[in-house]
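What follows is each chain in one-letter form.
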Amino acid sequence: MWIILLLISSFYDYFNGILVERFHGTWKAKLFLVLSVVGNLGILLAYKYGGFIWENIDWMLKNFNDWFNMSLVTPFEKPTNTLPIGISFYTFQTISYVVDVYRGDTKAQRNPLNFLMFVSLFHQLVAGPIVRYVTIADQIENRRVDWNLISSGVGRFCFGLFKKVVVANIASELVDKYMIYTYHGDGNFDLSSYEAWFGIVMFSVQIYFDFSGYSDMAIGLGRMFGFKYDENFKHPYAAQSVADFYRRWHISLGTFLRDYVYFPLGGGRKNRYRNIIIVWILTGFWHGASWNFVLWGLYFGCFMVLEKLLENVLKKTPRIIRHAYTLILIVFSRALFYFDSLYLSNTHFENSDFKHESDWSPLFGFMGNLFNSPNAVNPAFYGDLMMHLYFFILVILLCIPWDEIFTEENRFRLKVERIFYFAQPAVNFALLAIATTLLVNATHNPFIYFRF
Amino acid sequence: MMNLINSLVFFASISSMVVMYFLIGENRSDIEFHNGNAYLTEEKRKLTVMPPFTFEDYISGDWAKTFDLFVNDNFPSRVSFMEWSVELRKLRGIEVENQEKIVYIKPKNKNLPKFDDQGNPIKFLDDYDESYSGGLLIINGRVYPRSGGSTKMAANFARMVSEYAAQLEGEVRVLTAVPPLSSAFIPAEEYRHYNSQNQQSLEAIRKNLTNGAIFCDVFTELNNHAGEQLYFGTDHHWKPIGAYYAYVAFCKGAGFTPVPLEKMEKRTKTNFLGTMYQLTQDPSVKKNPDVMDYYIPKVKTDALRYSEFGFKGVAAKVFEHGCSGGTTYSTFLGGDRPLMKISTDVKNGRKALVIKNSMGNAFSVYLISHYEELWIVDLRYSKQNMIEIIRTNNINDLIFAPGMNHVMNPNTVNMMRRLGTQSGVYIPPKPSPIVDSTAVIPDTVP
């Protein structure tokens, strides 16, 4: 069914693109542009945010009824559909296509199959990056596949797979262990506050390697088929500020909102702070139908505004402090991201009110478990730290922006690249073998960004 | 040139896995067959077979899900890959010998059965699902649940038992013999709080039992022998010696004289790696396989087992001595049967019905010394109406002996409650036995 939705969406924008081009410069072009944007956002609202809208209307009506002694009911049934595959990504891709045609940045695609291919490219359909039509317009028509491109795709794919299976999955085990606690209804917790914060740090590791691993695999697969997608990550955990972080994290979403929302709103020239807040609320909302995500967006929006206001202070602050400040803010934001509900109690396990919960309480010691959990400072926690020591070192090494430290002309870098050129078959084979070994008997490893 | 080699190595690696599947797929050392079904020996679960292709399953996604499991179960050299995986995972850091560890086992959504409009379970659990989910603690190669029970849930369980006691007042004695979790007996001092938590949870049962239901103090009896290995280190069950002490506690509650161990026949099984090893896959646990000494009361028995609907009784054994390796614990009753009836040569006219999960298997076998007839109901599988069985067969004692995990779970407590109201097919008191010559290994591999 979701494939039919994708087909409908594709052909809708295929015709909109042609019509916008045909009526270029007239009010009709604007009409078809508006139709395209409204149609795509309508699909998103209906299939991604329908349940959320229903819940909020229902909540408001219930309160309204209580206050005014009325009996209003929500005018439509609560949607219960699952999230259509890749909807957050392909709707944005098709919007960008029609807008670019309207702006005259690209020509409309005449071949419907080519357009369908652009929308449904399986490499990145499910979890991005958001590929803009202008980026690959030429490659759709005249792409050339050679061994150099395939080889670089193979390397990128193997590295992405390694990031997902080795780094993200191991971090995910630690997240499960330190973010979900067992509460038996009578005060018996098995998670202390600092353990929970360790869990959040591990979630920060997981989400980065999971998402960037997927992006690497998408970029790698794209190259194997002759497509060159833009980078989606540039060592975000090396950022010196929140603004810098979002120039390095999920770049395709950031640039999309910058080009299609922030600049049209006036950018930095007019109502800059309002524009920043709007863009960040939208960024949060894009991630999911929950107020938590809106809060998450607002959180970053406020810090972006603060950073603009205190630009001079930030510039004079030592690098290490800026880096630490950024990392602390990001790790804290992951708590908002992890718990996709504002409620304190978020039971993980359906049909049981007593087991496997995950919520905010352990993080802030709300239940008296800040330092006095029965298992606080337990040897098993230190054992876990030791048992993952090399893993932590690997994570740090992979987070360091080596390509920024050693520029392209650097001799050492050139030497390493030369060695890697000859070693790449062995290295890639090793990465693939390690990932395969760890994947056997570990079915269903969903990527976090699948749910967006 | 290197780019060409790089690409070819990659595609050759991917292709070789498909080729290997056809070369190696036929001869597998990691599966065994029982009753026509293939089981993964180490993991004690059915091997996933290739799903038949139907358009409906394909559209719903079920076909792809099962195919995913099929590929996983039939991956070439799967066992070797899993062994390599354990070795690779050691490279995560420094593993100190006998280091204490915590492993988190994700709860499975399918863990709990769904119920139809009449309240009947649609899908039965298999025993593998019974194993613990949540935090597991590994100390010196032994695995313990990271939990001490729940007084709230224990009280909930006691209320359910008391309801039966009220319903059967004057007809049947109702007794409980619930064991603590193995976490109660972790030798390390820093985990002593689990001991008191377990005790408090079980005390909550005592405090909340009403209508004459009898509480058998299993905790105290086991705690008196806390220095012994009462539970398996590699499995979620208890050892027969632990079950024996529970039996002693039961006898105290029921007014019986327990049979001393010396008057039973002792046998031993070695190299048992149970569910906790399967869940954690921890090398230190693998290095410490369990030894199981078990004791056979000198009582002659005839046993029948029934399917969940109980149409026909099939000859069964109280002890399946052939069970070994991963199925060692199935020695008792041959694993989990929905319903079992054991007739003994103890001609005292007493009859009992035991409600249990697999923890009760090792416990129930000691009861044959005290009853002429013993009915054993697995709370998860039986669809029989328990009250009907009790009244038709003039049962004297109703014994609740589920593991703590099922006491702590409101769903399984409700399943026990439902046993008294559900309407399965009635079993005649003396069905004619049908000998099942293939019944060496149980249908449900525990």
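Residues numbered from 1 in each chain as written. Chains lettered and ligands numbered in written order. Predicted model: local features only at pLDDT ≥ 70, side-chain atom pairs only at ≥ 80, totals over all residues. Heavy atoms only, no water.

**Remarks on the layout of surface pockets**
Residues and elements named next belong to chain A.
Link 1 in the chain: Estimates place the volume of the second largest pocket at around 1500 Å³.
Link 2 in the chain: In terms of lining residues, the second largest pocket is bounded by 36 residues, among which Phe159, His235, Trp402, Asp403 and Phe420 are the most central.
Link 3 in the chain: Residue assignment for the lining of the second largest pocket shows that the elements contributing at least two residues are α8 (147-179), α9 (193-224), α18 (389-399), α19 (402-405) and α20 (411-439).
Link 4 in the chain: The residue inventory of the lining of the second largest pocket, partitioned by class, reads 16 nonpolar, 11 polar and 9 charged. (1 Å grid on protein atoms, 1.4 Å probe; cavity = no way out; pocket = protein on both sides within 12 Å on 5 of 7 lines; lining within 4 Å. Points joined across faces, edges and corners; volume = space filled by probe spheres on them. Helix = DSSP H or I, 4+ residues; strand = E, 2+ residues; numbered from the N terminus. Nonpolar A, V, L, I, M, F, W, Y, C, P; charged D, E, K, R; others polar.)

**Things to note about the confidence of the model for chain A**
Detailed reading of the predicted coordinates is not advisable wherever pLDDT falls low.
Residue and element names in this part refer to chain A.
Link 1 in the chain: When pLDDT is averaged across chain A, the result is 81; 85% of the residues are at 70 or more.
Link 2 in the chain: Scored below 50 in pLDDT, residues 184-188 makes 14 contacts in the model with residues more than four places away or belonging to other chains.
Link 3 in the chain: The low-confidence segment residues 343-357, where pLDDT is below 50, has 49 contacts with residues more than four positions distant or belonging to other chains. (pLDDT = per-residue confidence, 0-100. Contact = heavy atoms within 4.5 Å.)

**Overview of the domain arrangement of chain B**
Residues and elements named next belong to chain B.
Link 1 in the chain: In terms of domains, chain B is made up of domain 1 (23-91) and domain 2 (136-418).
Link 2 in the chain: The distance between the C-alpha centroids of domain 1 and domain 2 comes to 32 Å.
Link 3 in the chain: Regarding the contact of domain 1 and domain 2, the summed buried area is about 630 Å², with carbon and sulfur atoms giving 52% of it.
Link 4 in the chain: At the boundary of domain 1 and domain 2, one finds 0 residue pairs in polar contact (both at pLDDT 80 or more).
Link 5 in the chain: Taken together, the residues of the side of domain 1 that touches domain 2 break down into 2 nonpolar, no polar and 4 charged. (Domains from an automatic or database assignment. Buried area = accessible area lost by both parts, 1.4 Å probe. Polar contact = N/O pair within 3.5 Å; in protein donor to acceptor, adjacent residues only side chain to side chain.)

**Re the packing of aromatic side chains**
Residue and element names in this part refer to chain A.
Link 1 in the chain: In total, this model carries 72 aromatic pairs over all chains according to the counting rule given.
Link 2 in the chain: Between Tyr14 and Phe115, the aromatic rings sit 6.1 Å apart at their centres with planes inclined by 45 degrees, giving tilted as the arrangement. Here Tyr14, found in helix α1 (residues 2-22), pairs with Phe115, found in helix α5 (residues 112-120); they are 101 residues apart in sequence, far enough to count as distant.
Link 3 in the chain: By relative accessible area, Phe115 is classed as buried at 1%. (Phe/Tyr/Trp six-rings, centres within 6.5 Å; stacked < 30°, edge-to-face > 60°. Buried < 20%, exposed > 50% of the residue type's maximum accessible area, 1.4 Å probe, protein only.)

**Section: helix α3 (residues 50-68) of chain A**
Residues and elements named next belong to chain A.
Link 1 in the chain: Between its first and last C-alpha, α3 extends 27 Å over 19 residues, near the 27 Å set by a 1.5 Å rise per residue.
Link 2 in the chain: Looking only at α3, the buried set comprises Gly50, Gly51, Phe52, Trp54, Asn56, Asp58, Leu61 and Asn65.
Link 3 in the chain: On its buried side, α3 packs onto α2 (27-47), α12 (272-287) and α13 (291-309).
Link 4 in the chain: Backbone geometry just downstream of α3 places Asn69 in the positive-phi region, at approximately 55 degrees. (Expected span 1.5 Å × (residues − 1).)

**Some words on the nonpolar core**
Link 1 in the chain: Of all hydrophobic cores here, the largest spans 114 residues; its most connected members are Phe209, Trp249 and Phe391 of chain A.
Link 2 in the chain: Per-element tally for this core: the top contributor is α8 of chain A, with 16 residues.
Link 3 in the chain: Of all hydrophobic cores here, the second largest spans 98 residues; its members include Met153, Ile241, Val248 and Cys251 of chain B. (Core = buried A, V, L, I, M, F, W, Y, C linked by side-chain atoms within 4.5 Å.)

**Examining the environment of Glu83 of chain B**
Link 1 in the chain: Within the element layout of this structure, Glu83 of chain B appears in helix α4 (residues 78-90).
Link 2 in the chain: Counting along the chain gives 198 residues from Glu83 of chain B to Gln281 of chain B, while the straight-line C-alpha distance between them is 9.5 Å.

**Quick notes on the sheet that holds strand β15 (residues 373-378) of chain B**
Link 1 in the chain: An order of β8-β7-β16-β14-β15-β13-β11-β12 (chain B) is seen for the 8 strands of this open sheet, with the pairing classed as mixed. Because the sheet does not close on itself, it has two edges, and the strands there are β8 (214-215) and β12 (314-316) of chain B. (Pairing = 2+ DSSP bridges.)

**Some details on α20 of chain A**
Link 1 in the chain: Helix geometry: α20 of chain A is bent most strongly at Ala423 of chain A, by close to 65 degrees, with proline Pro425 of chain A lying one to four residues after it.
Link 2 in the chain: For α20 of chain A, every residue scored as buried is listed here: Arg413, Gln424, Pro425, Asn428, Leu431, Leu432, Ala435, Thr436, Thr437 and Leu438 of chain A. (Bend = angle between axes of the 7 residues up to and from the residue.)

**Structural notes on the confidence of the model for chain B**
All names here are of chain B.
Link 1 in the chain: Counting all residues, the mean pLDDT for chain B is 80, and 80% of those residues have values of 70 or more.
Link 2 in the chain: Note that residues 109-131 has pLDDT below 50 and, in this model, 61 contacts with residues that lie over four places away or in other chains.
Link 3 in the chain: Residue range residues 426-446 is modelled with pLDDT below 50. Its contacts to residues more than four positions away, or to other chains, number 46 contacts.
Link 4 in the chain: At the level of chain-chain contacts, confidence expressed as ipTM amounts to 0.73, with global pTM at 0.72.

**Considering the pattern of salt bridges**
Residue and element names in this part refer to chain A.
Link 1 in the chain: Within this structure, the stated rule accounts for 30 salt bridges over all chains.
Link 2 in the chain: Linking Arg110 and Glu21 is a salt bridge whose minimum nitrogen-to-oxygen distance equals 2.3 Å. You can see Arg110 sitting in the loop between α4 (87-103) and α5 and its partner Glu21 sitting in helix α1, a full 89 residues away along the chain.
Link 3 in the chain: Classification of Glu21 as partly exposed rests on a relative accessible area of 22%.
Link 4 in the chain: The partner of Arg132 in a salt bridge is Asp259, with the nearest N and O atoms 2.8 Å apart. Separated by 127 residues along the polypeptide, Arg132 in the loop between α6 (122-125) and α7 (133-142) and Asp259 in helix α11 (residues 251-265) bring together distant segments of the chain. With respect to burial, Arg132 and Asp259 carry one shared label: buried.
Link 5 in the chain: Several salt bridges converge on common partners, so that one network encompasses Arg156, Lys163, Asp216, Arg223 and Glu231. (Salt bridge = Lys/Arg side-chain N within 4 Å of Asp/Glu carboxyl O.)

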